Amino acid sequence: PSPAYNDKADVVAKAIRAKNLGMRIMIDFHYSDNWADPGKQTKPAAWSNLDFAGLKTAISNHTTDVLNELKKNNVTPEWVQVGNETNDGMLWPTGRASANMSNFAQMFNAGYVAVKAVFPQAKVIVHLANGYDNSLFRWMFDGLKSNGAKYDVIGMSLYPTWANSTWQVANQNCLNNMNDMVSRYGKEVMIVEIGMPWDQATECQAFIKDIITKTKSVSSSKGLGVLYWEPQAYNNWVG
């Protein structure tokens, strides 16, 4: 990234601080020079001319490099996201899932294998936005399954603002989706991002309490937890 916000050194420093505060740690690889989300999955400039094989190698090497630096500093992440909100894959156009699901699955597996080589106990997450959208999740995870993707956890973002419904409806649809993912794929699920506008504090508190309760109720105790993004962003985007 440029500037150095969230580059390797910055991430390691934050992870050390979090560990020292007794926090559990998730590392989220965007594989981009800037934020990656459903609308943009831009290759890092340094990778822009790599072919498919080269991109898989770059994913593996970058993932290994960052995680080894954490390991060297005695930080052990409990979870690792290979990609951020990869609703249509990552590293476009090569890894755009709607154009070539096999490419995305192979890229994801390059990250998965790299994670497990450094931290065998870390749980690897596939992260999609719109946790209320069951059809999106079935499309993606059916596609990944048929293309041999390896992962441990299905991660979801949940922002009622994007759901075109009340938060109550969004939460119920998300719970239904979580239970369907557990039933359909046998995987654990996790809400890795939630948020509402910063000026709706009362509604947001009710929303958070409810989605935590619903996540705890997921079948077979496979709802791992809820992460809020991001509590310090006052007067800014918080859902």
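Just so you know, these numbers come straight off a predicted model, no measurement behind them.

Asker: Outline the pairing of strand 5 (residues 188–194), supporting the account with residue identities and numerical values.
Answerer: Two faces make up the sheet, and in a regular strand the side chains alternate between them. Within strand 5, seven of the seven residues are buried, which leaves the element mostly enclosed by the surrounding structure. Here strand 4 (residues 153–158) pairs with strand 5 via six bridges, running parallel. Looking across to strand 5, one finds that Leu 158 is bridged to Ile 194. Following the chain from strand 4 across helix 5 (residues 167–185) to the adjacent parallel strand 5, one finds a crossover that is right-handed. Chirality of the crossover, the property in question, places the unit of strand 5, helix 6 (residues 201–216) and strand 6 (residues 223–228) among those that are right-handed.

Asker: Just give me the short version of helix 2 (residues 52–72), but keep the residues and values in it.
Answerer: With 21 residues, helix 2 should reach 30 Å at 1.5 Å per residue; the first-to-last C-alpha distance of 30 Å fits that figure. Of all the positions in helix 2, only Gly 54, Leu 55, Ala 58, Ile 59, Thr 63, Val 66, Leu 67 and Leu 70 are classed as buried. Residues of helix 2 that are buried sit in contact with helix 1 (8–20), strand 1 (26–29), strand 2 (79–82) and helix 3 (101–118). Positive backbone phi, approximately 60 degrees, marks Asn 74, located one or two places after helix 2.

Asker: Go over the nonpolar core, please, and point to the residues and values.
Answerer: Residues Phe 141, Leu 144, Ile 154 and Leu 158 are the most contacted members of the largest nonpolar core, which totals 63 residues. Counting residues per element, this core draws most heavily on helix 3, which supplies nine residues. In this structure, Met 26, Trp 79, Val 153 and Met 190 belong to the second largest nonpolar core, which totals six residues.

Asker: Can you lay out the packing of aromatic side chains for me, pointing to particular residues and giving the numbers?
Answerer: Applying the stated criterion across every chain yields a total of eight aromatic pairs. On the basis of an interplanar angle of 50 degrees and a centroid distance of 5.4 Å, the ring pair of Trp 35 and Trp 229 is categorised as tilted. Here Trp 35 is found in the loop between strand 1 and helix 2, whereas its partner Trp 229 is found in the segment after strand 6, with 194 residues between them in sequence. When its relative accessible area of 33% is taken as the criterion, Trp 35 is described as partly exposed. On the basis of relative accessible area, Trp 229 is assigned to the partly exposed category, the value being 24%.

Asker: Quick rundown of the pairing of strand 1? Include the residues and the values.
Answerer: Direction of pairing for strand 1 relative to strand 2: parallel, over a ladder of four bridges. The partner of Ile 27 across the bridge, within strand 2, is Val 80.

Asker: Got a sec to walk through the environment of Arg 96? Specific residues and values, please.
Answerer: Here Arg 96 is to be found in the loop between strand 2 and helix 3. Filtering out sequence-adjacent residues up to four positions away, Arg 96 remains in contact with Asp 88 and Met 90.

Conventions adopted
Throughout, a residue's number is its position along its own chain's written sequence, starting from 1. In view of the model being predicted, local features appear only for residues whose pLDDT reaches at least 70, and side-chain atom pairs are presented and counted only at 80 or more, with totals across whole chains, interfaces and linings using the full set of residues. Side-chain descriptors were evaluated using all non-hydrogen atoms of the structure, hydrogens and water having been removed beforehand. Burial classes: relative accessible area under 20% of the type maximum marks a residue as buried, over 50% as exposed, and values in between as partly exposed (1.4 Å probe, protein chains only). Each helix is a run of H or I in the DSSP string that is no shorter than four residues. Each strand is a run of E no shorter than two, and both are numbered from the N terminus. Strands are labelled as partners when DSSP assigns at least two bridges between them. With strands facing away from the observer, any crossover in which the path from the first strand over the helix to the second runs clockwise is taken as right-handed. Here the expected length of a helix is defined as 1.5 Å per residue gap, with one fewer gap than residues. Whether two residues are in contact is decided by their heavy atoms, any of which lying within 4.5 Å being enough. The set of buried Ala, Val, Leu, Ile, Met, Phe, Trp, Tyr and Cys residues whose side-chain atoms join them within 4.5 Å is what this entry labels a nonpolar core. Ring pairs are drawn from Phe, Tyr and Trp, using the six-membered ring of Trp, whenever the two centres fall within 6.5 Å, and their geometry is named by plane angle: stacked under 30 degrees, edge-to-face over 60, tilted for the rest.

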